[in-house]
Number of protein chains: 2
Amino acid sequence: MTNDYPVPAMADVELVDVLRAVADPIRLRIVTVLGDGEPHSKSAPDWGFDVQKSTLAHHFKALREAGLTRTIVDGRTHAIQLRRAELDARFPGLVAALVEGAPPTD
Amino acid sequence: MTNDYPVPAMADVELVDVLRAVADPIRLRIVTVLGDGEPHSKSAPDWGFDVQKSTLAHHFKALREAGLTRTIVDGRTHAIQLRRAELDARFPGLVAALVEGAPPTD
DNA sequence: ACCATAGTTCGATGAGTATCGAACTATTTC
DNA sequence: GAAATAGTTCGATACTCATCGAACTATGGT
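Summarised in this report is the structure supplied together with it. This one's a predicted model, so the numbers in the text were calculated from it and none came from an experiment. (Residues numbered from 1 in each chain as written. Chains lettered and ligands numbered in written order. Predicted model: local features only at pLDDT ≥ 70, side-chain atom pairs only at ≥ 80, totals over all residues. Heavy atoms only, no water.)

### A few points about the overall build of chain A
Regarding its fold elements, chain A presents six helices and three strands. Counting helices and strands in the order they occur from the N terminus, chain A gives α-α-β-α-α-β-β-α-α. Computed over its C-alpha atoms, the radius of gyration of chain A comes to 13 Å, within 12% of the 13 Å expected for a compact globule of 106 residues. The principal-axis extent of the C-alpha atoms belonging to chain A is close to 35 × 35 × 20 Å. Buried positions account for 42% of the 106 residues belonging to chain A. For chain A, the share of sequence-separated contacts (at least 6 apart) that also reach a separation of at least 24 residues comes to 62%. (Helix = DSSP H or I, 4+ residues; strand = E, 2+ residues; numbered from the N terminus. Rg over C-alpha atoms; globule rule 2.2 N^0.38 Å. Buried < 20%, exposed > 50% of the residue type's maximum accessible area, 1.4 Å probe, protein only. Contact = heavy atoms within 4.5 Å.)

### Brief notes about the interface of chain A and chain B
Between chain A and chain B, the residue contacts involve 18 residues of the former and 18 residues of the latter. Carbon and sulfur atoms supply 78% of the area that chain A and chain B bury against each other, a total of about 1400 Å² over both sides. On the surface where chain A and chain B come into contact, there are zero salt bridges. At the boundary of chain A with chain B, the tally comes to zero residue pairs in polar contact (both at pLDDT 80 or more). Among the elements of the structure, α1 (15-22), α2 (25-33) and α6 (94-101) of chain A are those that each provide at least two residues to the side of chain A that touches chain B. Residue classes in the side of chain A that touches chain B are distributed as 13 nonpolar, two polar and three charged. (Buried area = accessible area lost by both parts, 1.4 Å probe. Salt bridge = Lys/Arg side-chain N within 4 Å of Asp/Glu carboxyl O. Polar contact = N/O pair within 3.5 Å; in protein donor to acceptor, adjacent residues only side chain to side chain. Nonpolar A, V, L, I, M, F, W, Y, C, P; charged D, E, K, R; others polar.)

### A word on the side chain of H59 of chain A
Residues and elements named next belong to chain A. Mapped onto the elements of the fold, H59 is located in helix α4 (residues 53-65). The class of H59 is buried, set by a relative accessible area of 7%. When residues no more than four places from it in sequence are discounted, the contact partners of H59 are D24, I26, R27 and I30.

### Observations regarding the relation of the copies chain A and chain B
Superposition record for chain A on chain B: RMSD 0.0 Å, screw rotation 180 degrees, translation along axis 0.0 Å. Here the copies are linked by what is in effect a two-fold axis. A share of 100% of the interface residues of chain A reappears at the interface of chain B, consistent with the copies meeting face to face through the same patch. (Least-squares fit on C-alpha atoms with pLDDT ≥ 70 in both.)

### A few points about the protein's contact with DNA strand D
Surveying the vicinity of DNA strand D reveals 24 residues, the closest of which are Q52, H58 and H59 of chain A together with K42 and K53 of chain B. Sugar plus phosphate, as a fraction of atoms of DNA strand D within 4 Å of the protein: 68%. A distance of 2.4 Å is found between a phosphate oxygen of DNA strand D and a side-chain nitrogen or oxygen belonging to H59 of chain A. One of the side-chain N or O atoms of H78 of chain B is found 3.2 Å from a sugar or linking oxygen in DNA strand D. Going through the elements one at a time, α2 and α4 of chain A together with α4 (53-65) and β3 (77-82) of chain B are the ones with two or more residues in the surface near DNA strand D. Here the residues of the surface near DNA strand D are counted per class, giving four nonpolar, eleven polar and nine charged. (Near = heavy atom within 4 Å.)

### Things to note about the pairing of β3 of chain B
All names here are of chain B. In this sheet, β3 lies alongside strand β1 (residues 40-41) in antiparallel orientation, the contact comprising two bridges. If you follow S41 over to β3, its bridge partner there is A79. Sheet analysis places strand β2 (residues 69-74) next to β3, joined by six bridges and oriented antiparallel. Residue T69 lies in a different strand from β3, and its bridge partner there is L82. Remark: two residues form the turn of the hairpin made by β2 and β3, two consecutive strands paired antiparallel; G75 in that turn has positive phi of roughly 65 degrees. (Pairing = 2+ DSSP bridges.)

### Describing the sheet that holds strand β2 (residues 69-74) of chain A
Reading across the sheet, the three strands line up as β1-β3-β2 (chain A) and stay open at both edges, with antiparallel pairing between neighbours. On the outer flanks of this sheet lie β1 (40-41) and β2 of chain A, each paired with one strand and no other.

### Observations regarding α6 of chain A
Within α6 of chain A, the full set of buried residues consists of L94, V95, A97, L98 and G101 of chain A. The arc that holds every buried residue of α6 of chain A, seen down its axis, measures 160 degrees, which confines them to one face. (Arc of directions from axis to C-beta.)

As structure tokens, this is what we get:
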């Protein structure tokens, strides 16, 4: 069936939950890549992390449930996108600070 | 003699470690209060958290070791201060976003 | 129908950590 | 010196969570 990748309403998202979501090396890296606001494939090889795809799925879920991202389903491929505008409205400057403060994408 | 409350050099502080430090309700609250850049007493009753003072000491240590704060010793009382200027230089906009995005101090 | 591909979910495991209470250190006061 | 005060440290406990592998769902291709 279609879209059951629910996201919380941004008004219900607490700052501490957002921070817990990005307080992990892999998830922080994901968020900085998603900082451009565009959808990115969930494809594990594309990301190049040294973890199994089940672990990556766990991180994607954590980001979505914390209110940071949404999932876009297209056939059998999924994309993930930062809820940039909503986040900027609710937590001004936060995403920008994360993107700018993260180590270079090498 | 007591001035063994070492802090890491700001250049060595990683963003993800800062985020892990503030990804806790009590520590996030502390940081937002310290956002004014002034020293604040470590006195447990003053903070009004519902934890023992040993727990509070643990959180103060976590903030200091993550590079967020410094400790100022004065006799038998201690104060804690945000390393505001250094943090702003290393992670522009981050502290401001935390202070602004945190729930009201009410 | 069959198989391959993309991604999720589940159970188990191990590491990290928030919390407490008690003991400890350092400083001030009497 | 003794007692009180401020805060830290330590050991134990409980809980959270990152990770893996295997099983599962869903879609697309042949």
